[in-house]
Amino acid sequence: ERLNGMWAYAIYDRARGQFFCSRDRFGKKPFFYTRTRDGFVCASELTSRAAHPSVTKTVSRPALKKYFAHGYIPAPWSILDGVFKLPGGCSLLLDVRSLDYRVEKYWDLVLEPFERLPANPEEEWGEQLRELLDRAVHRRLLADVPVGVFLSGGIDSSAVTAFAARHVPVEQLKTFSIGFSEKSFDETSYGLLVRAQFKTDHKLETLSVARARQLVDECLPRLDEPMADSSLLPTYLVSGLARQDVTVALAGDGGDELFAGYDPFHALQRARLYSRIFPRPIHAAIKAIFDRLPASHANMALDFKIKRALRGLSHDRRLWLPVWMAPLDHAGLQDLFGEPIDLEEVYSEAIEQWENCPQTDLVDKTMQFYTKLYLQDDILVKADRASMMHSLEARAPFLDIELVDFVRRIPSAYKFCKGTTKYILKKALEPVLPREILYRPKKGFGVPVAHWFRKGELDVAEGPLASLNPALVKRRAEAHRSGRVDESAFLWSFYVLKKWAETNRVSL
């Protein structure tokens, strides 16, 4: 309870015959474990843990289904059968004599809005947010090694840069950005705007198709388990860029999850209205009409958003969000695995977060999914793996526990307000950042994998994946290359899995 940061540790209490393990609140640092026939094995890397002679290398089929349903494998599952991740905010106590153990949750993010609002919430909460974020950044600047900031030009990384600049002499704060040759993905102009305002020592590198191909072969084989967030590539690149000058880098991770910053928040009200007006039996027909529209491969294109939203709305609202974000739809999952797929089973973790949210508001339930599932098992995994591949420590000021304890009590109506995402954070940062940064359209840290697959820069030629339907993969790859549909999320998921299986000499 006294720790404020990230950790994964194990303590052997020889006197009591106990082995105590703990993982930080949000799961920033990894912890894998398994109970073998004659022992208990744990490690911070799946690769080192799997090297133990008593540990199987059999792929978990339920975890594989969840991988294609999410694009990542949610805790406590892992890609290997019988191997588990200790979830964030949990501890594990093992009796070393009997090898019996129990997992307990010592902390949970509970959304408990303030019962009384201040006279001027924007002003009062804004001041508190600035103070808390300033303290959170200052804490994470403390180090006996050089420290820098990842600066994408988005609100969160720009805010971290702004507060870091208060504690570092002018032109001594080092910032790092990645640009893209594909314009719809590029944010470098915004990063340069922030760099100019706070006079940072800034480095920029542009990611081209040729460089991306190098990164794929350099980065993907080093993943412990497959995770299909393609922004792993630019995160890996910016980590390598930063490591040339610093050993620690501050990032904006957590801001979108805590303050309702993602695009699906815009879709919630329209989704509720759509599901009320149009009965579910005709949803398939409406979806089929929109599916005939040509696919755009621009970053977060309108046709992409509409098609994804309609896919999710064919299901119960508990499944809207995970189905919207899924690399593969329900029919595709069944075709890929050649068997019936129970959506409530593959999305059990998402359903649990939806049902356990104490609030009834759709925005609160959606934030619960993002903060307790997507943040832990996608965003923070990506940040940790990409940075540690370069021996760079990535720190997340937005996940400071004092800041989180305050933010969780701000009502959702002040996070997503009248169509504005991150409303209260933007109001708080108005005295700190230019409006061009605060109120510009969100891009995200995506990469143009759709273009790469369409142009043949990446391919999904058959590999050690015999148990998965090769005809489906070929069919969807051809449809993507024709420009009729955007199958890049599935193709990338399959490609990453293929690379992982080849590297680890695993057959599926």
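Residues numbered from 1 in each chain as written. Predicted model: local features only at pLDDT ≥ 70, side-chain atom pairs only at ≥ 80, totals over all residues. Heavy atoms only, no water.

Asker: Sorry if this is basic, but what is going on with the sheet that holds strand S12 (residues 393-395) here?
Answerer: By way of backbone hydrogen bonds, the strands of a sheet pair with one another, either parallel or antiparallel. Strand order in the open sheet formed by five strands is S10-S9-S8-S11-S12, and the pairing between neighbours is parallel. Each edge of the sheet is formed by a strand with only one pairing partner; in this case those strands are strand S10 (201-207) and S12. Ignoring strand direction, the axes of neighbouring strands in this sheet form an average angle of 30°. In the sheet, strand S8 (residues 147-150) pairs with strand S9 (residues 174-180) via three bridges, with the strands oriented parallel. Each residue of the ladder has a partner; that of Val 149, found in S9, is Thr 175. The strands touched by helix H7 (residues 232-243) within the sheet are S8, S9 and S10, with S9 carrying the most contacts at an inclination of about 145°. (Pairing = 2+ DSSP bridges. Helix = DSSP H or I, 4+ residues; strand = E, 2+ residues; numbered from the N terminus. Axes fitted to C-alpha atoms, helices over the stretch in contact; angles between N-to-C directions. Contact = heavy atoms within 4.5 Å.)

Asker: Is there a simple way to explain the pairing of strand S1 (residues 8-13) in this structure?
Answerer: On any regular strand, side chains alternate: one points to one face of the sheet, the next to the other face. Sheet topology note: the S1/strand S2 (residues 18-23) ladder contains six bridges and is antiparallel. Bridge pairing in S2 links Ile 11 to Phe 20. Counting the residues between successive antiparallel strands, the hairpin from S1 to S2 contains four residues, one of them, Gly 17, with a positive phi of roughly 70°.

Asker: Help me understand the packing of helix H13 (residues 330-337) against helix H21 (residues 470-482) in this model?
Answerer: The description of two helices packed together rests on the angle between their axes and the distance between the axes. Where H13 contacts H21, the axes come no closer than 7 Å and their chain directions differ by 135°. In terms of orientation, H13 and H21 fall into the oblique class. Across from Gly 332, Asp 335 and Leu 336 in H13, the residues of H21 making contact are Leu 472, Val 473, Arg 475 and Arg 476. Residue composition of the contact of H13 with H21, by class: three nonpolar, one polar and three charged. (Parallel < 35°, antiparallel > 145°, perpendicular 65-115°, else oblique. Nonpolar A, V, L, I, M, F, W, Y, C, P; charged D, E, K, R; others polar.)

Asker: Even after reading the chapter, I still don't get the environment of Val 170, so can you show me in this structure?
Answerer: As for its position among the elements, Val 170 is in the loop between helix H4 (155-164) and S9. Given a relative accessible area of 59%, Val 170 falls into the exposed group. As for Val 170 and Phe 198, which are separated by 28 residues in sequence, their C-alpha atoms are 7.6 Å apart. (Buried < 20%, exposed > 50% of the residue type's maximum accessible area, 1.4 Å probe, protein only.)

Asker: Please explain the packing of H7 against helix H16 (residues 362-388) as it appears in this structure.
Answerer: Where H7 contacts H16, the axes come no closer than 8 Å and their chain directions differ by 40°. Relative to H16, H7 is oriented oblique. Handedness of the crossing formed by H7 with H16: right-handed. Contacts between H7 and H16 involve Leu 232, Thr 235, Tyr 236 and Ser 239 from the former and Lys 382, Ala 383, Ala 386 and Ser 387 from the latter. (Left-handed = near helix turned anticlockwise from the far one by under 90°.)

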